[in-house]
Amino acid sequence: MAVLVTGGAGYIGSHTVADLLNHGEEVVVIDNLQQGHRQAVLDCPLYEIDIRDTDAVAEIVRRHDVESVVHFAAHSLVGESVKQPLKYYANNVGATERLLSTLVESGVNQIVFSSTAATYGEPMRVPIDEEHPTAPTNPYGETKLAIERMLRWCHAAYGLKSVSLRYFNAAGAHPDLPIGEDHDPETHLIPLVIQAALGVRENIAIFGTDYPTPDGTCIRDYIDVMDLAAAHRLALSRLRSGGAVEVFNLGIGKGFSVKEVIAAVERVAGARPQVVEASRRAGDPAILVAASGKAQSALGWNPLHDDLEGIIASAFAWHQHHPGGYRE
Ligand code: UDP
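Here's what I pulled together on the structure shown here. (Residues numbered from 1 in each chain as written. Predicted model: local features only at pLDDT ≥ 70, side-chain atom pairs only at ≥ 80, totals over all residues. Heavy atoms only, no water.)

## Some points on the sheet that holds strand β11 (residues 245-250)
Part 1 of the reasoning: Strand order in the open sheet made by the seven strands is β3-β2-β1-β4-β5-β6-β11, with parallel pairing throughout. Two strands in the sheet have a free side with no partner beyond their single neighbour: β3 (46-47) and β11.
Part 2 of the reasoning: One ladder, built from two bridges, connects strand β2 (residues 27-30) with β3; its direction is parallel. Looking across to β3, one finds that Val 29 is bridged to Leu 46.
Part 3 of the reasoning: Across the sheet, helix α1 (residues 11-22) touches β1 (2-6), β2 and β6 (161-167), and the angle it forms with β2 is around 165 degrees.
Part 4 of the reasoning: Relative to the sheet, helix α7 (residues 225-240) contacts β1, β4 (66-71), β5 (110-116), β6 and β11, its axis offset from that of β6 by approximately 160 degrees. (Pairing = 2+ DSSP bridges. Helix = DSSP H or I, 4+ residues; strand = E, 2+ residues; numbered from the N terminus. Contact = heavy atoms within 4.5 Å. Axes fitted to C-alpha atoms, helices over the stretch in contact; angles between N-to-C directions.)

So, in structure tokens, the structure goes:
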């Protein structure tokens, strides 16, 4: 019996694959490698196919006796989603519809879905729990929410069980294996600040210094990618022992400002990145912090990394040893 991981060559996907293998699971990855990296998949089969390829996916499910799926494959850039919404509807909603049809026809009835805090939109209160209203402010969050709802209807109609995991800000890298974060283009704060500290990038721009926060910069909840990976494994266990349709937040419940992140990188790197102040980025809420008590009590999830410097240290090691990411 195998776990099929879609998008397993991407950032969070590859770390989840490593964690599943480390816990004795049989894993098989499909990834179209548009954004993923072949080198990020270690020690398990990787099929370079698209999740829309119904026949190929059905054949892999049969060949590997797939029992459950962890579904990461998606486009995930907020800014791009605003400029090209149809790309996001096609690749996220449309492609997931194809995948789910294949799974239902193949008799696979357990799926863990990679969702996002972007489903909440501008928060009405923080920390954000799962009861908080969902009102996405961009097509990326909208398409992820549409998939969560599709999963709910698929449970009612076909008995497809699911866990949707709404991540806050993923960061960090595997402590032992040569895998880490490598997006093209890179848009995330922690890798950009590290690259600026390493001199790979000229500077880091702070997007807005006039937010209603103590130092005027945005506050986010940074969660270590290995803790995210563990949550996917625990979600699979939950589906195996029952489950129905559930949604969980994943964050550490602590927020750090952009300026605090820059200061923490400086301490870890022992080098000061050049900082420039820029205007706000459209659609950025001032504060996003998770309430993750539900995941902790229902899944038995215990995030091990709750200090920012520790999370940054693993990311720093990855960037220091792989300044060009996987392109070396
Ligand atoms: N940010 C920034 N400069 C950058 C990239 C990001 O100031 O070059 C800020 C961004 O405005 C947000 C925070 O850093 O407040 C985290 O952004 P990121 O893109 O990493 O994650 P997001 O919160 O969008 O998921």
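## Quick word on the site of the ligand
Part 1 of the reasoning: The environment of the ligand is formed by 15 residues, the closest being Leu 189, Ala 205, Phe 207, Arg 281 and Asp 284.
Part 2 of the reasoning: Ala 205 places a polar main-chain atom, nitrogen or oxygen, 2.7 Å from a nitrogen atom of the ligand.
Part 3 of the reasoning: Arg 220 places a side-chain nitrogen or oxygen 2.9 Å from an oxygen atom of the ligand.
Part 4 of the reasoning: Counting only elements with at least two residues in the shell around the ligand, the list comes to α6 (189-198) and β8 (204-207). (Near = heavy atom within 4 Å. Polar contact = N/O pair within 3.5 Å; in protein donor to acceptor, adjacent residues only side chain to side chain.)

## Looking at helix α10 (residues 308-321)
The periodicity of an α-helix, 3.6 residues per turn, causes residues three or four places apart in sequence to face the same way.
Part 1 of the reasoning: With 14 residues, α10 should reach 20 Å at 1.5 Å per residue; the first-to-last C-alpha distance of 20 Å fits that figure.
Part 2 of the reasoning: Within α10 the residues assigned to the buried category are Leu 308, Ile 311, Ile 312, Ser 314, Ala 315, Phe 316, Trp 318 and His 319.
Part 3 of the reasoning: In this fold, the buried residues of α10 make contact with β7 (169-171), α6, β10 (222-224), β12 (256-257) and α8 (258-269). (Expected span 1.5 Å × (residues − 1). Buried < 20%, exposed > 50% of the residue type's maximum accessible area, 1.4 Å probe, protein only.)

## Some remarks on α6
Part 1 of the reasoning: By the criterion of burial, α6 is predominantly enclosed, with nine of the ten residues buried.
Part 2 of the reasoning: Taken residue by residue, α6 has Leu 189, Ile 190, Pro 191, Leu 192, Val 193, Ile 194, Gln 195, Ala 196 and Ala 197 as its buried positions.
Part 3 of the reasoning: The secondary structure elements touched by the buried residues of α6 are β7, β8, β10, α8 and α10.

## So, the environment of Gly 159
Part 1 of the reasoning: Along the chain, Gly 159 turns up in the loop between α5 (139-158) and β6.
Part 2 of the reasoning: For Gly 159, a relative accessible area of 28% translates into the label partly exposed.
Part 3 of the reasoning: In sequence terms Gly 159 and Lys 87 are 72 residues apart; their C-alpha atoms lie 29 Å from each other.
Part 4 of the reasoning: Not counting residues up to four positions away in its chain, the partners in contact with Gly 159 are Asn 109 and Cys 154.

## Here we look at the nonpolar core
Part 1 of the reasoning: Membership of the largest hydrophobic core comes to 32 residues, with the highest contact counts inside it found for Val 5, Leu 165 and Leu 250.
Part 2 of the reasoning: If you list the elements that add at least two residues to this core, you get β1, α1, β2, β6, α7, β11 and α9 (293-299).
Part 3 of the reasoning: Residues within four places of Val 5 in sequence aside, it is in contact with Val 17, Leu 20, Val 27, Val 28, Val 29, Ile 30, Val 70 and Phe 72.
Part 4 of the reasoning: Listed in part, the 27 residues of the second largest apolar core include Ala 56, Ile 60, Ala 73 and Leu 151. (Core = buried A, V, L, I, M, F, W, Y, C linked by side-chain atoms within 4.5 Å.)

## Quick look at unusual backbone geometry
Part 1 of the reasoning: Between Val 126 and the following residue, Pro 127, the backbone shows a cis peptide bond with an omega angle of -5 degrees.
Part 2 of the reasoning: Relative to the helices and strands, Pro 127 is located in the loop between β5 and α5.
Part 3 of the reasoning: For Leu 33, which is not glycine, the phi torsion reads 60 degrees and is therefore positive.
Part 4 of the reasoning: Structurally, Leu 33 can be placed in the loop between β2 and β3.
Part 5 of the reasoning: The exposure class of Leu 33 is buried, given its relative accessible area of 19%.

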